[in-house]
Amino acid sequence: MALRKLDVRGAKCPIPIVKAKKELDTMTAGDQLEVTATDPGSVPDFQGWVKTAKNVGLKDQRTDKDDTGRDIYIHLLERTG
């Protein structure tokens with residue numbers, strides 16, 4: 001299992017999902033992708049996307065703070081097939 005990281009801070013919907021999909025398409029089953037975003041809308045966007053996406057599962061979502069104190073949203077995705 002490999003863990004990749006994708007930083008999409010500053011990008012608005014649908015760019016975080018578009019970039020995550022491109023990255024996941026190059027990965028194999030069991031690999032995970034950690035996406036870091038600043039758009040609060042990315043939380044429900046990723047939840048909705050994985051319901052319809054093939055070969056992708058949402059393992060975890062959490063909110064954290066970056067070095068400047070602003071909220072960042074971390075989405076852990078897994079390539080399932």
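Cut-offs applied
Residues numbered from 1 in each chain as written. Predicted model: local features only at pLDDT ≥ 70, side-chain atom pairs only at ≥ 80, totals over all residues. Heavy atoms only, no water. Helix = DSSP H or I, 4+ residues; strand = E, 2+ residues; numbered from the N terminus. Axes fitted to C-alpha atoms, helices over the stretch in contact; angles between N-to-C directions. Parallel < 35°, antiparallel > 145°, perpendicular 65-115°, else oblique. Left-handed = near helix turned anticlockwise from the far one by under 90°. Contact = heavy atoms within 4.5 Å. Nonpolar A, V, L, I, M, F, W, Y, C, P; charged D, E, K, R; others polar. Phe/Tyr/Trp six-rings, centres within 6.5 Å; stacked < 30°, edge-to-face > 60°. Buried < 20%, exposed > 50% of the residue type's maximum accessible area, 1.4 Å probe, protein only.

Asks: Mind showing me how you'd approach unusual backbone geometry here?
Replies: Peptide bonds are, in most cases, trans, and in most cases residues other than glycine have a negative phi. In this structure, Pro-14 follows Cys-13 across a cis peptide bond, with omega equal to 10°. Relative to the elements of secondary structure, Pro-14 occurs in the loop between strand 1 (3–7) and helix 1 (15–25).

Asks: Teacher, can you tell me more about the packing of helix 1 against helix 2 (residues 42–52) here?
Replies: Axis angle and axis distance: for two packed helices, these are the angle between their axes and the distance between the axes, and together they describe the pair. The geometry of helix 1 relative to helix 2 is characterised by a closest axis approach of 10 Å and an angle of 45° between their N-to-C directions. Between helix 1 and helix 2, the angle falls in the class oblique. Crossing hand, helix 1 versus helix 2: right-handed. Facing helix 1, whose interface residues are Pro-16, Ile-17, Ala-20, Lys-21 and Leu-24, helix 2 presents Asp-45, Phe-46 and Trp-49. Taken together, the residues of the contact of helix 1 with helix 2 break down into six nonpolar, no polar and two charged.

Asks: When you look at the packing of aromatic side chains in this model, what are you seeing that I'm missing?
Replies: The relative placement of two aromatic rings is captured by the distance of their centres and the angle of their planes. Scanning the entire structure with this criterion turns up one aromatic pair. On the basis of an interplanar angle of 80° and a centroid distance of 6.1 Å, the ring pair of Phe-46 and Trp-49 is categorised as edge-to-face. Of this pair, Phe-46 and Trp-49 both sit in helix 2, three residues apart, which is roughly one turn of that helix. The burial state of Phe-46 is the same as that of Trp-49; both residues are buried.

Honestly, it's all geometry; don't read function into it.
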